[in-house]
Each structure stands twice: as structure tokens, then as C-alpha cells.
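Summary of the model geometry
Spelled out from the first residue to the last, the chains are:
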Amino acid sequence: MEYKDIICQRKTKDRQMLLVRLMYKTDLNDLLKYANELSREKTFVLFQGEKVTLKQERRFVGGHLRAAKEKTGISLLAFLDKKLVGFTEMVSKKNSVLCHVGELGISVHKDARGSGVGLLLMQFLIQETKKRLPHIKILVLSVFGKNTIAQKLYKKVGFHEFGRLPKGIRHRGKFDDSIYMYRRIRN
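What you see is a predicted model; the values in this text were computed from it and never measured. (Residues numbered from 1 in each chain as written. Predicted model: local features only at pLDDT ≥ 70, side-chain atom pairs only at ≥ 80, totals over all residues. Heavy atoms only, no water.)

1. Brief notes about the sheet that holds strand β1 (residues 6-11)
Across the sheet, eight strands lie side by side as β1-β2-β3-β4-β5-β6-β8-β7; this open sheet has mixed pairing. Strands with a single pairing partner mark the edges of an open sheet, and in this sheet they are β1 and β7 (160-171). Within the sheet, the average angular offset between the axes of one strand and its neighbour, ignoring direction, is 20 degrees. For strand β3 (residues 73-80) and strand β4 (residues 83-92), the ladder comprises eight bridges, and the chain directions are antiparallel. Bridge pairing links Ala 78 to Gly 86 in β4. Against the sheet, helix α3 (residues 117-132) contacts β1, β2 (17-22), β3, β4, β5 (101-108), β6 (138-144) and β8 (174-184), and its axis sits at roughly 145 degrees relative to β3. Along the sheet, helix α4 (residues 148-156) contacts β5, β6 and β8; its crossing angle with β6, the most-contacted strand, is approximately 165 degrees. (Pairing = 2+ DSSP bridges. Helix = DSSP H or I, 4+ residues; strand = E, 2+ residues; numbered from the N terminus. Axes fitted to C-alpha atoms, helices over the stretch in contact; angles between N-to-C directions. Contact = heavy atoms within 4.5 Å.)

Next comes the structure, spelled out in C-alpha cells:
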């Protein structure tokens, strides 16, 4: 399949082909497999062992594609040698007093963690948000308190902590703080 919305395509240091592009409807099965692998791993994501169904993933993909069409969101996928290894999204509330704020999410498959894929996805998402969605002025995200690696990444690309909800998230049967961060991308 030929994709028209490629953000980046290049060889990595270990000679794998990295492709970052916008999401398509045809990504449904790859995204379903990816979501369930992350859920089983019980990593720092919202799914903690639950099985994501095809119906749930179809609704998820449909919502993100609608957001892209309505210019209220962007979803980027990262592939290493055709395997989905990263996903990032930014969505805003249409026709709301918060329509200038984009909420960001990101995940990286265990096979690609530490490879720089997360940093690239963050940089490309910020770049594409600036280019495609000029009404977005601020990006916000939340991160698990114990996920210090992600917190360092977010700070590296310009995010700042603005709040914390003590014991705001449950991870692997224990409570953890939910940390809120923001980055201004326009005045």
C-alpha cells in the first residue's frame, strides 16, 4: 500500500526502516494487536490487562479519523520494518472553550523503547500540530508518577509539570500519582 501522508521514512542505526505516518482505516488490525500487547504487558498505559475488542478498536480508530477530518486531532503511527511500534495522538474539543488545548497521548512498543522512536513521535506530533491545526496553542498530557523515563522525554521536548493528583491512577494493583504537564506551542 502506498501512503501519501508520510512524515518520516529513513533507516535507523541498526539498518531497520523507520516509517512515521498518519493513521489510516486500514491500520485497524495492527492497532488492535498493538493495544492488546501493551495491555497484557501492563505498562504505563490506561489498559491494564483487559482485552481490547475489535468493536472497541474500530470505534477508537473511527473517532481518530473523524478528528483528523474535522481538524480537531492528529494520530501518528511509527513502524519499524512494517511492525507497528509506536502511536501518538493529539485531540482537542471541537467548539468548546478548550478548543485551543490539545490533549496528547503516546505509547511505544517494548521492542522499540530506548531507540528514540518516542522522541521522534513527540517531535513529529508537535511539528504536525503546528502545521495542520493552527488553532491549537497548548498541548497537555498526563503521565504516571513512576514513569520517570517518559517524564524526562516530555521535559526534553519542552513540557512542564503544572499539577499532580496524588494516587490518581491505579497501576498493577497499586496507586500512583497522575502528573499533568503542558507545553505552549503558540501565543
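2. What to know about the pattern of salt bridges
In total, this model carries seven salt bridges according to the counting rule given. Between Arg 21 and Asp 27 there is a salt bridge whose closest N-O contact spans 2.6 Å. Arg 164 serves as the salt-bridge partner of Asp 177, at 3.2 Å between the closest nitrogen and oxygen. A residue pair is termed long-range when its members are at least 10 positions apart, and Asp 177 in strand β8 and Arg 164 in strand β7 qualify at 13 residues. Here Arg 164 falls in the partly exposed class, since its relative accessible area comes to 43%. (Salt bridge = Lys/Arg side-chain N within 4 Å of Asp/Glu carboxyl O. Buried < 20%, exposed > 50% of the residue type's maximum accessible area, 1.4 Å probe, protein only.)

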